[in-house]
Amino acid sequence: MSRTPTTSEIFDDIVICEPVRTPVGRRHGVLADLTAADLATTVVQGLIDRTDLGEGDVDDVLLGHCYANSEAPSIGRVAALNAGLGIETAGLQLDRRCGSGLQAVMYASLQVAAGVSDVIIAGGAESMSNAEHYVLGLRRGVRTETIEMLDRIGRGRVTAGGDLYPVPGGMLETAENLRRDYDISREEQDLFALRSHQAATQAARDGLFDDEIIPVTIPANGKGAARTITEDEHIRQDVTLDDLRRLTPIRQGVDQSATVTAGNACGESDGASACIVTTRTRAEELGLRPYLRPLSWAVAGVHPSRMGIGPVPATADVLHRLDLTLDQIDLIEINEAFAAQVIACLREWKLTDADYERLNVNGSGISLGHPAGATGGRILATVARELERRQGRYALETMCLGGGQGMSAVFERIC
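All of the points below concern the structure found in this document. (Residues numbered from 1 in each chain as written. Predicted model: local features only at pLDDT ≥ 70, side-chain atom pairs only at ≥ 80, totals over all residues. Heavy atoms only, no water.)

**Structural notes on the nonpolar core**
Next, step 1: Counting residues in each nonpolar core, the largest one holds 38 residues, and the members touching the most others are Leu-85, Ile-121 and Ile-276.
Next, step 2: Elements supplying a minimum of two residues to this core: strand E1 (14-21), helix H2 (36-51), strand E3 (60-64), helix H3 (75-82), strand E5 (119-127), strand E8 (216-218), strand E10 (269-279) and helix H9 (280-286).
Next, step 3: The biggest single contributor to this core is H2, with eight residues.
Next, step 4: Here Ile-276 is in contact with Val-15, Ile-16, Cys-17, Leu-47, Thr-51, Leu-53, Val-119, Ile-120, Ile-121 and Leu-288, once residues within four sequence places are set aside.
Next, step 5: Grouped together as the second largest cluster of nonpolar side chains are 34 residues, Leu-241, Ile-343, Leu-346 and Trp-349 included. (Core = buried A, V, L, I, M, F, W, Y, C linked by side-chain atoms within 4.5 Å. Buried < 20%, exposed > 50% of the residue type's maximum accessible area, 1.4 Å probe, protein only. Helix = DSSP H or I, 4+ residues; strand = E, 2+ residues; numbered from the N terminus. Contact = heavy atoms within 4.5 Å.)

Listed below in structure tokens is the structure:
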């Protein structure tokens, strides 16, 4: 009987080249005047400029995008056209919530492995500053005195569980549920948040993000002259533990025991990310430098009200498929949706203080921000270069996803 090949075997010839990202801007911050399509175009254009790719070299552009609208339908195609890749280059958008950018990379790996494409640009884009409010029912006419405006971001957080698993308090409620389940104190969360900002601050000062960042030019407008953004805006370099302690829990009005604040949760952000997925042979032909080889990935469902624990079963699945243990992973990147959520996962994994030497070593969502559709690619750009600096072998990228999911992927450094 023939044996089904493993994902690692299927991906044996697949490489990820030049993962890059834009700086991450705060919501309503320095990148707020740019749409998601603008950011996607910038990162794709920067990637092809850096690699000397041109018209006819790229088959498809796959971009994660969580807060889509019809201003840039199928945002991968729009970015491909805007960036000058030519009309033959296809494109799409996908939404697996916070895992969208990572999912785009994994789908691109499958697409190349299947021989459907030779060269794909994959990543994601998000402008949470420009996610709009909208109205339902106007096509049929309005006979009421008032019209309800819905916030596209907030609405998605409470509807992601569908009809059967509503989460009225959205993602904040899921974090507080885990805080309660795992008896996680406010102090633990604030200490974790402080560590994230300190790690990101040190990384920025040491120039560790410089190579992965594609600068973003903000056109001149009524607010001032044109300027180029090269640094992440969300990092709070001078934040102290006392600063974090003073913040009021967001759900305190409905839950007196609430502990999640704006300081120990990820920031809503703007940004984009991209990488090139191809074969070793094609990379060599195009003069591309491979950083990583994808080994496998897994997605898992958990109860929507405990969304943040999703990385635990997803990581267990992918490590089992690869016959690896968490101890063998050189770098662990878990996106920081909430400090409470990360701490809950760390407890399930039984990680200790010693493991912080390989965990989110340059910060993550709390400090760097979380442009939802782009974050998977942002993490990949950071971990690829950190793995090289450390001469490590394996990196794990994992995150929780709205609606009660987790996603994990393991990558191997190409020596």
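**Description of unusual backbone geometry**
Next, step 1: The phi angle at Asp-52 is positive, at roughly 65°, despite the residue not being glycine.
Next, step 2: If you trace the backbone, Asp-52 turns up in the loop between H2 and E3.
Next, step 3: Positive phi outside glycine occurs at Asn-360, with the angle close to 45°.
Next, step 4: Structurally, the position occupied by Asn-360 is in the loop between helix H11 (339-349) and helix H12 (365-368).
Next, step 5: Relative accessible area serves as the criterion here: at 0%, Asn-360 is assigned to the buried category.

**Let's talk about the packing of aromatic side chains**
How two aromatic rings sit relative to each other is given by the distance of their centres and the angle of their planes.
Next, step 1: A full pass over the atoms with the stated rule returns three aromatic pairs.
Next, step 2: For the pair Tyr-107 and Trp-297, a centre-to-centre distance of 6.5 Å together with 85° between the ring planes defines the contact as edge-to-face. With a gap of 190 residues between them, Tyr-107 in helix H4 (residues 100-113) and Trp-297 in strand E11 (residues 290-301) connect regions that are remote in the sequence.
Next, step 3: Ring centres 6.4 Å apart and planes at 55° place the aromatic pair Phe-192 and Tyr-356 in the tilted group. Linking Phe-192 in helix H7 (residues 186-205) with Tyr-356 in the loop between H11 and H12, this pair joins segments that are 164 residues apart in sequence.
Next, step 4: Residue classification places Phe-192 among the buried residues on the basis of a relative accessible area of 3%.
Next, step 5: Take Tyr-356: its relative accessible area is 25%, and that puts it in the partly exposed class.
Next, step 6: Ring-pair connections join several aromatic residues into one group, and the members of that group are Phe-11, Tyr-107 and Trp-297.
Next, step 7: The positively charged end of Arg-21 is found above the aromatic ring belonging to Phe-209, 5.1 Å away from the centroid.
Next, step 8: Between Arg-289 and the ring centre of Tyr-291, over which it is positioned, the NZ or CZ distance is 4.5 Å. (Phe/Tyr/Trp six-rings, centres within 6.5 Å; stacked < 30°, edge-to-face > 60°. Lys NZ or Arg CZ within 6 Å of the ring centre and 35° of its normal.)

**So, the environment of Ile-332**
Next, step 1: Among the secondary structure elements, Ile-332 is positioned in strand E12 (residues 331-334).
Next, step 2: Residues contacting Ile-332, with those up to four places away along its chain left out, are Leu-326, Leu-351, Arg-358, Leu-359, Asn-360 and Leu-396.

**Thoughts on the state of the cysteines**
Next, step 1: Under the criterion given, the structure shown has zero disulfides.
Next, step 2: Not engaged in a disulfide, the cysteine Cys-98 finds its nearest cysteine sulfur in Cys-66; these two sulfurs lie 6.1 Å apart.
Next, step 3: Of the cysteine sulfurs around Cys-275, a residue in no disulfide, the closest is that of Cys-17, at 8.5 Å.
Next, step 4: Exposure remark for Cys-275: the relative accessible area of 1% places this residue in the buried category. (Disulfide = S-S within 2.5 Å.)

**Some remarks on a nonpolar patch on the surface**
Next, step 1: The grouping of Leu-138, Val-142, Ile-147 and Met-149 at the surface amounts to a nonpolar patch, some 360 Å² of accessible area in total.
Next, step 2: Within the secondary structure layout, Val-142 lies in the loop between strand E6 (133-134) and strand E7 (150-151).
Next, step 3: On the accessibility criterion, Val-142 (39% relative accessible area) is partly exposed. (Patch = residues over 30% accessible without salt bridge, like charges linked within 9 Å, V, L, I, M, F, W, Y side chains within 5 Å. Areas by Shrake-Rupley, 256 points an atom, 1.4 Å probe, with all protein chains shown as cover. Salt bridge = Lys/Arg side-chain N within 4 Å of Asp/Glu carboxyl O.)

**Some thoughts on the side chain of Ser-364**
Next, step 1: Locating Ser-364 in the fold gives a position in the loop between H11 and H12.
Next, step 2: We classify Ser-364 as buried; its relative accessible area is 0%.
Next, step 3: Here the side chain of Ser-364 touches Asn-335 through a polar contact of 3.3 Å, side chain to side chain.
Next, step 4: Sequence-distant contacts of Ser-364, defined by excluding residues within four places in its chain, comprise Ser-196, Ile-334, Asn-335, Glu-336, Gly-369 and Arg-378. (Polar contact = N/O pair within 3.5 Å; in protein donor to acceptor, adjacent residues only side chain to side chain.)

**As for the pairing of strand E14 (residues 405-413)**
Next, step 1: Counting buried positions over the nine residues of E14 gives eight, a clear majority of the element.
Next, step 2: Relative to E14, E11 runs antiparallel, the two being bridged by nine bridges. Its bridge partner being in E14, Arg-293 is matched across the sheet by Glu-412.
Next, step 3: In terms of strand pairing, strand E13 (residues 394-401) meets E14 through eight bridges, oriented antiparallel. Bridging from a neighbouring strand, Met-399 pairs with Met-407 of E14.
Next, step 4: Count of turn residues in the E13/E14 antiparallel hairpin: three residues, of which Gly-403 carries a positive phi of about 90°. (Pairing = 2+ DSSP bridges.)

**A short note on the packing of H2 against H3**
Next, step 1: Running from N to C, H2 and H3 cross one another at 55°; their axes reach a closest spacing of 8 Å. Between H2 and H3, the interaxial angle falls into the category oblique. For H2 against H3, the interelement crossing comes out right-handed. Across the interface between the two elements, Ala-36, Ala-37, Ala-40, Thr-41 and Val-44 from H2 touch Ile-75, Val-78, Ala-79 and Asn-82 from H3.
Next, step 2: The class makeup of the residues in the contact of H2 with H3 is seven nonpolar, two polar and no charged. (Axes fitted to C-alpha atoms, helices over the stretch in contact; angles between N-to-C directions. Parallel < 35°, antiparallel > 145°, perpendicular 65-115°, else oblique. Left-handed = near helix turned anticlockwise from the far one by under 90°. Nonpolar A, V, L, I, M, F, W, Y, C, P; charged D, E, K, R; others polar.)

**Remarks on the environment of Thr-51**
Next, step 1: With respect to the element layout, Thr-51 can be found in helix H2.
Next, step 2: You can call Thr-51 buried: its relative accessible area is 10%.
Next, step 3: Taking the C-alpha atoms as reference points, Thr-51 and Gly-154, separated by 103 residues in sequence, lie 38 Å from one another.
Next, step 4: The contacts of Thr-51, once residues within four sequence positions are left out, are Glu-18, Ile-276, Leu-286 and Leu-288.
Next, step 5: At 2.8 Å, the side chain of Thr-51 and the backbone oxygen of Leu-47 are in polar contact.

Geometric values such as these leave the question of function open.
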